[in-house]
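In case you want the letters, here they are:
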Amino acid sequence: KQLWNRALSFLDRGRPGDTEHTRAVVENGRALLAKEGGNPRVVIPALILHDVGWSQVDFSDFITAPGQAKTEVGSIYLHMGYGARIASDILNDVKWDPTLIQRITAIIAVHDIPEEIRALGDLDATLVFEADWLDKFAPARQERYVRPAKGDRAIEELRRFLDMNKSRWFSTVTARELLVQIASGA
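Residues numbered from 1 in each chain as written. Predicted model: local features only at pLDDT ≥ 70, side-chain atom pairs only at ≥ 80, totals over all residues. Heavy atoms only, no water.

**Q** What's the story with the environment of Arg-176 in this structure? I'm lost.
**A** Counting through the fold element by element, Arg-176 comes out in helix H11 (residues 173-184). Among the residues examined, Arg-176 registers a relative accessible area of 35% and is labelled partly exposed. Other than its neighbours up to four places away in sequence, Arg-176 contacts Lys-166, Ser-167, Phe-170 and Ser-171. (Helix = DSSP H or I, 4+ residues; strand = E, 2+ residues; numbered from the N terminus. Buried < 20%, exposed > 50% of the residue type's maximum accessible area, 1.4 Å probe, protein only. Contact = heavy atoms within 4.5 Å.)

**Q** Would you mind going over the pattern of salt bridges with me for this structure?
**A** Pairing between side chains becomes possible if they bear opposite charge and their charged atoms approach one another. According to the stated counting rule, one finds seven salt bridges in the structure shown. With a shortest N-O distance of 3.1 Å, Arg-6 and Asp-93 are connected by a salt bridge. Separated by 87 residues along the polypeptide, Arg-6 in helix H1 (residues 2-11) and Asp-93 in helix H5 (residues 74-93) bring together distant segments of the chain. Of the residues examined, Arg-6 reaches a relative accessible area of 30% and is grouped as partly exposed. On the basis of relative accessibility, which here comes to 49%, the residue Asp-93 falls in the partly exposed class. The partner of Arg-30 in a salt bridge is Glu-27, with the nearest N and O atoms 3.1 Å apart. Taken as a pair, Arg-30 and Glu-27 lie in helix H2 (residues 18-36) at a separation of three residues, close to a single helical turn. (Salt bridge = Lys/Arg side-chain N within 4 Å of Asp/Glu carboxyl O.)

**Q** Got a minute to help me understand H1 in this structure?
**A** Where H1 is concerned, the buried positions are Leu-3, Trp-4, Ala-7, Leu-8, Phe-10 and Leu-11. What you see down the axis of H1 is that its buried residues fit within an arc of 160°, all on one side. At its buried positions, H1 is contacted by H2, helix H3 (40-49) and H5. (Arc of directions from axis to C-beta.)

**Q** Please clarify how the nonpolar core should be interpreted in this entry.
**A** Here is a general trend for soluble globular proteins: nonpolar side chains tend to be buried in one another's company. Ranked by size, the top nonpolar core spans 46 residues in total, and within it Leu-3, Ile-48, Leu-49, Trp-96, Ile-104, Leu-134 and Phe-170 carry the most contacts. Elements that contribute at least two residues to this core include exactly H1, H2, H3, H5, helix H6 (98-108), helix H8 (123-136) and H11. If we ignore the near neighbours within four places in the chain, the residues touching Ile-48 are Leu-3, Trp-4, Ala-7, Leu-11, Thr-22 and Val-26. Residues Trp-54, Phe-62, Met-80 and Ile-113 belong to the second largest nonpolar core, which totals nine residues. (Core = buried A, V, L, I, M, F, W, Y, C linked by side-chain atoms within 4.5 Å.)

**Q** Even after reading the chapter, I still don't get the packing of H2 against H3, so can you show me in this structure?
**A** Working note: a packed helix pair is described by the angle between its axes plus the distance between those axes. Where H2 contacts H3, the two axes come as close as 8 Å, and the packing angle between them is 160°. In terms of axis orientation, H2 runs roughly antiparallel to H3. As H2 runs across H3, the sense of the crossing is right-handed. Facing Thr-22, Val-25, Val-26, Gly-29, Arg-30 and Leu-33 of H2, the residues of H3 in contact are Pro-40, Val-43, Ile-44, Leu-47 and Ile-48. In terms of residue class, the contact of H2 with H3 is built from eight nonpolar, two polar and one charged. (Axes fitted to C-alpha atoms, helices over the stretch in contact; angles between N-to-C directions. Parallel < 35°, antiparallel > 145°, perpendicular 65-115°, else oblique. Left-handed = near helix turned anticlockwise from the far one by under 90°. Nonpolar A, V, L, I, M, F, W, Y, C, P; charged D, E, K, R; others polar.)

**Q** So what exactly am I meant to see when it comes to the packing of H1 against H2 here?
**A** Contact pair H1 / H2: the axes reach a minimum separation of 9 Å and the direction vectors enclose 140°. One element, H1, and the other, H2, form an angle in the oblique class. Of the two possible hands of crossing, H1 and H2 adopt the one that is right-handed. Every residue of H2 that contacts H1 at Trp-4, Leu-8 and Leu-11 is listed here: Asp-18, Thr-19, Thr-22, Arg-23 and Val-26.

**Q** I'm lost on the environment of Leu-123 in this one. Help?
**A** With respect to the element layout, Leu-123 can be found in helix H8. Along the chain, Leu-123 and Ser-171 lie 48 residues apart, while their C-alpha atoms are 9.9 Å from each other. If we skip the residues at most four places from it in the chain, Leu-123 touches Glu-36, Gly-37 and Gly-38.

As structure tokens, this is what we get:
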């Protein structure tokens, strides 16, 4: 509860929709934890705090970038660095376990870079990444992240895009199952 209250003050100052996105990724994280294991004292706080850094950056490059180009804009990298520092402050303020704070902030610092997450070789980092990225493809957020176009052709293009990249982004069985559900509801 304390983490949510602290995170909300930053999420409300970030990109429009970040609060709803964060609620959704926490639910994704719970589903992944239930089936894949992992440490909820790492995964859940990392998910609650993963996007607090957007409150500190000019994200106009993110807003104006088309679809998949959003993953390469400068503000993506800035928000992760700021987010890790803000998360550290919040977690220290609420007296979270210091050994977990280090892991949580390390995950937040790279949470939008698939290669960096995989390099960590850490189930908790994988679950944070997958919970976050699953929401990017949810119908409620596709326009924000991946699909500026509308209609049947856009849905088919999204499905092809997911098919091409799912093995690169999603390594857990549960995330792949959830992705199939998301894609079929697209």
